[in-house]
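# Overview (structure and organization)
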Number of protein chains: 2
Amino acid sequence: MATDKSAGLQDVIAGETAISTVGKKGVGLTYRGYSIEDLAEKSTFEQVAYLLIDGHLPNASELETYQERLVRHRELPLDLKTILEQLPGNTHPMDVMRTGCSALGNLEPEGAAHDPLAIAHRLLACFSSILLYWHHFCARGERTEVTSGEKTVAGHFLRLLHGRRPVLDLHRRMLDVSLILYAEHEFNASTFTARVIASTRSDFYSAVTGAIGALRGPLHGGANEMAMDLISRFKTADDAEKGVLQMLAKKEKIMGFGHRVYKNCDPRSEIIKSWARKLCEDANRMELFNVAERIEQVMRREKKLFPNLDFYSAVTYRVACIPTPMFTPLFVFARIAGWAAHILEQRADNRLIRPAARYIGPAPRPYVPVAQR
Amino acid sequence: MATDKSAGLQDVIAGETAISTVGKKGVGLTYRGYSIEDLAEKSTFEQVAYLLIDGHLPNASELETYQERLVRHRELPLDLKTILEQLPGNTHPMDVMRTGCSALGNLEPEGAAHDPLAIAHRLLACFSSILLYWHHFCARGERTEVTSGEKTVAGHFLRLLHGRRPVLDLHRRMLDVSLILYAEHEFNASTFTARVIASTRSDFYSAVTGAIGALRGPLHGGANEMAMDLISRFKTADDAEKGVLQMLAKKEKIMGFGHRVYKNCDPRSEIIKSWARKLCEDANRMELFNVAERIEQVMRREKKLFPNLDFYSAVTYRVACIPTPMFTPLFVFARIAGWAAHILEQRADNRLIRPAARYIGPAPRPYVPVAQR
C-alpha cells in the first residue's frame, strides 16, 4: 500500500475549506487570506486564533473581551485535577493532553451550558494548565496554581512552566510567533482526523481528542521532538556535518525536513529560523544555532531537502528552556485554533466522511468448524 | 460541500485492506473471506475477534488459550478506577469509554511491556469492565467487582450489568451474535479515523480513542440509540404506522435505515431481526417486535429504504434489559476487533494519510493593524 498513492490520499480532494491555503503551487501559507509572514510579524496568537475561529480579525474591543475571556478560563475543575494526579510521571505528555481533553468532555460536556465556540475558547485557554498541573504534580507533588497574571497564552505557559523566574519578553514573543506559525495547516492528518470525527456529528471534545492522538505521531507533531534529539547529539557544526553524513550513508531518517505539500520550502521555516538566531545570540548559544544551520546546509546539499517548521522550532524551544517532551503539546496549544475552525466548518455543511477500500484479501471461503481446524 | 461528493470521500479508494468486504456490488459482507451468515450462525465472537486480528480462525487449543487470556485481562488498575469515579453519572457513556481508553494508555502505555497485540486483547477484555465499573459507581456508589466467572465477552457484560440475576443462555448468545455482526465493517468512519491516526505512527490507544470519538456520533454508532428512541414512542404497530407517516410528512429523519455502502439490503439486518423475533417471543413481548416490523414495512413502502444493523439490534438490546445509553458502547466492545485489525494492517505498510482541500476562502489580502479595524 505504501507505494500506492491513494493510500495516503495524496492530492485527493477531501472537501472544501475557507480557512487556509497551504502551498498553492507548492509555496505560501495564508490564514483567511492573510499571509503567514504578515501575521507572524504584525499580529499576536490571540488575534490569529480569533481570526481562524471567527473568520475575521478582532477590533480593539473584541480583542480585549476575547483576551479577558481566555484569562478567565484557565482554571481547571477539581475532578480534572484528581484525574491528572492519577497519570504517571513517565507517561507521554501527549497522552496527558489526550486524556485531559477527553475528561474535560465528561465534566463540561457540549450542550446548552457549553456551546461549540465556548468549548473552543475554553480549550485554548486551559490546555497549558492541564499540561503544567500534571507536570508539577509529578515532578514535585505540588498542586500548582494554574492561573497567572500573564495576558497571553504564550506568557501563561512560560510563567506556569518556570514558576517564579521572570519571563523574558524575547521568549514570550518568540513563543507567541511560534503559536501563530503552528496554529493552522489545512487538511493535515490531525485536522483531517478532527473533521472525520465531526462528520459523524460527534461532539467537539471527541474531535479534538482524536486530533491530539493523531498529532502525537512522529510523522506529524512528534517531528519537532525528533529534530531536537538530532540537533542535541552534536557539539559543533563540524560534528554535525560528519554525523549527518554518516546517518545519510546508513539511510537513517532525518526528522524536520521536507513536507507532503510544500515542494521547495516551508514558508514558516525562515520565520522561525530568524527567531532561533535571535534567541541564540541573546543567550550566547550560537553553537546550537550553528549546529542546526549546518544540518540544514548538509540536507540541502545532499538530499535537496529544506527544513520544515519543526526543525528550527526545536532550537527556539530549547533556548527558552522548554523540556523536549513538551514540544508536541505546544503544537496542541496552537493547533486547537485550526482544529476548532475546521470542526465548525465541517459541521456547517456536513457530510459523513466514509471512503472506500480496495479489497486484497482472501476470496469467499466455507466456514470450518473448530474441531477440523 | 454537502452536495459535493468528494466531501464525504464517497467511493474514493483510500487504501487497501485484506480484512473485510462490504457490499461488493452492493450486497454481502465477509470477514477474511468468511460470510457474515456463516460466522453469525456457526462461530463465536471470540473466534471472530481472533480471526480479524490474527488473520485465521483459531484451532481448539489456540481458542482456549485466547479465551483464558481475555478472562485474565478484565481487571482494571486502581488508578483507572479512581479516574472513572471522577466522571459524573450524567455523562455520555461513550465519553466514559473515550476517557477510559485514553487513560489506560497512560497507565499501560504501548511499548516493551505492552505490544500492540497485547493491547488489542486487553481492550477487548476490559472495555465492558470500564463501562460497568463507572455505571455501578455512579448509580449506587458501589465499587463493583469487574471480574466474573463468565467465559465470553457477551456473558461478562451481561453478568456485570445485571449482577446476581442469572444470564439467560438465549440473551448471552444473542449478544454474542450481535458482537459478531458489529465487529468489523471496512473503512467506516471510526475505522478510517483509527487508520488516519495510526498513519502518523501514533500509539495504539490514540487510534482507538479517536475511533471511539467517531463512533459516538449519531450518523455512525449513535444510530442504534436513536432507533430505540423511535421504536419506544409507539405502543402498537398501528400507532407506529401513523407516527412514522407523520414524521415522514414533516421530513423528520428516521434513524436505522439505509446505508452509505449497501444499496438494497444490509445482510446483518436479517440475522439480527431473527434474533429480535426469538427474544420477543421468549419474553412475550411481540408488541415490541411488531412495532419495529411495521416501521420497517412503512419505510420500505414509502421511502424504499431497508433497515440497517442498528434497527433490530435496538429491539434485541431492549428485551435483554440493556439500558439504551449502553447501545453504542456495546458497538465499541465489538468493533475494537475490527479497529485493532485495521491499525495493525495500516502499520504493516504505512503511508501518512493527508488529503488535500479545495480552497474557497478569501483571496490574499493585506494585514490591517488593530487600531484600523
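Predicted, not measured: the structure shown is a model, and the values here were computed from it.

Bringing the relation of the copies chain B and chain A into the picture now. Overlay of chain B on chain A (RMSD 0.0 Å): rotation 180 degrees, translation along the axis 0.0 Å. Those values place the two copies in the arrangement expected of a two-fold rotation axis. For chain B, the residue whose C-alpha comes nearest the rotation axis is Gly210 of chain B, separated from it by 2.0 Å. Of all interface residues in chain B, 100% are interface residues in chain A too; the two copies therefore contact each other through one and the same surface.

Our next topic: the interface of chain B and chain A. Contacts between the two partners involve 102 residues from chain B and, on the opposite side, 103 residues from chain A. Taken together, both faces of the contact between chain B and chain A bury some 9,400 Å²; the carbon and sulfur share is 57%. Viewed at the interface, chain A and chain B are joined by eight salt bridges. A salt bridge links Glu16 of chain A to Arg358 of chain B, with the shortest nitrogen-to-oxygen separation between them at 3.3 Å. Where chain B packs against chain A, one counts 60 residue pairs in polar contact (both at pLDDT 80 or more). Ranked by the residues each element gives to the side of chain B that touches chain A, the list is headed by helix α5 (residues 93-107) of chain B, at nine residues.

This part takes up the environment of Ile231 of chain B. Residue and element names in this part refer to chain B. Relative to the assigned elements, Ile231 resides in helix α11 (residues 223-231). C-alpha separation for the pair Ile231 and Gln297, spaced 66 residues apart in sequence, amounts to 13 Å. Setting aside anything within four residues of it in sequence, one finds Ile231 in contact with Leu288, Val291, Ala292, Ile295, Phe311, Ala314 and Val315.

Every α-helix winds through 3.6 residues per turn, so residues three or four apart in the chain are directed the same way. All names here are of chain A. Taking 1.5 Å as the rise per residue, helix α12 (residues 237-249) with 13 residues should run 18 Å; its terminal C-alpha atoms sit 18 Å apart, in good agreement. Here the buried face of α12 lies against α11 (223-231) and α14 (286-303). Of the residues trailing α12, Lys251 is marked for its positive phi of about 55 degrees.

Turning next to the side chain of Gln346 of chain A. All names here are of chain A. Its location among the elements puts Gln346 in helix α16 (residues 327-348). Polar contacts involving the side chain of Gln346 include one to the side chain of Asn350, which spans 2.9 Å. A polar contact of 3.5 Å, which involves the side chain of Gln346, links it to the backbone oxygen of Arg351.

This part covers the confidence of the model for chain A. Reading fine detail from the predicted coordinates is not recommended where pLDDT is low. For chain A, the average pLDDT comes to 95, and 98% of its residues sit at 70 or higher. For this predicted complex, the interface confidence reaches an ipTM of 0.96, while the overall pTM sits at 0.96.

All names here are of chain A. You can see Gly100 is positioned in helix α5 (residues 93-107). On the accessibility criterion, Gly100 (0% relative accessible area) is buried. If sequence neighbours within four positions are ignored, Gly100 has contacts with Leu80, Leu84 and Ile130.

With that settled, the discussion passes to the pairing of strand β1 (residues 13-17) of chain B. Where burial is concerned, most of β1 of chain B is hidden: four out of the five residues are buried. Sheet topology note: the strand β5 (residues 356-359) of chain A/β1 of chain B ladder contains three bridges and is parallel. Looking at β1 of chain B, one finds that Arg358 of chain A is bridged to Glu16 of chain B.

Attention now goes to the domain arrangement of chain A. All names here are of chain A. Here chain A is partitioned into domain 1 (18-216 + 329-348) and domain 2 (223-319). The gap between the C-alpha centroids of domain 1 and domain 2 is 26 Å. On the side of domain 2, 22 residues touch domain 1, which itself brings 24 residues to the contact. The junction of domain 1 with domain 2 conceals about 1,900 Å² of combined surface from both sides, 70% of it contributed by carbon and sulfur atoms. In this structure, the connection of domain 1 to domain 2 is made through five residue pairs in polar contact (both at pLDDT 80 or more). Going through the elements one at a time, β2 (20-24), β3 (27-31), α1 (36-42), α8 (169-182) and α16 are the ones with two or more residues in the side of domain 1 that touches domain 2. Tallying contributions element by element places α8 first for the side of domain 1 that touches domain 2, with nine residues. Of the residues that constitute the side of domain 1 that touches domain 2, the class distribution is 14 nonpolar, seven polar and three charged.

Definitions and limits used
- Residues numbered from 1 in each chain as written.
- Chains lettered and ligands numbered in written order.
- Predicted model: local features only at pLDDT ≥ 70, side-chain atom pairs only at ≥ 80, totals over all residues.
- Heavy atoms only, no water.
- Least-squares fit on C-alpha atoms with pLDDT ≥ 70 in both.
- Contact = heavy atoms within 4.5 Å.
- Buried area = accessible area lost by both parts, 1.4 Å probe.
- Salt bridge = Lys/Arg side-chain N within 4 Å of Asp/Glu carboxyl O.
- Polar contact = N/O pair within 3.5 Å; in protein donor to acceptor, adjacent residues only side chain to side chain.
- Helix = DSSP H or I, 4+ residues; strand = E, 2+ residues; numbered from the N terminus.
- Expected span 1.5 Å × (residues − 1).
- pLDDT = per-residue confidence, 0-100.
- Buried < 20%, exposed > 50% of the residue type's maximum accessible area, 1.4 Å probe, protein only.
- Pairing = 2+ DSSP bridges.
- Domains from an automatic or database assignment.
- Nonpolar A, V, L, I, M, F, W, Y, C, P; charged D, E, K, R; others polar.

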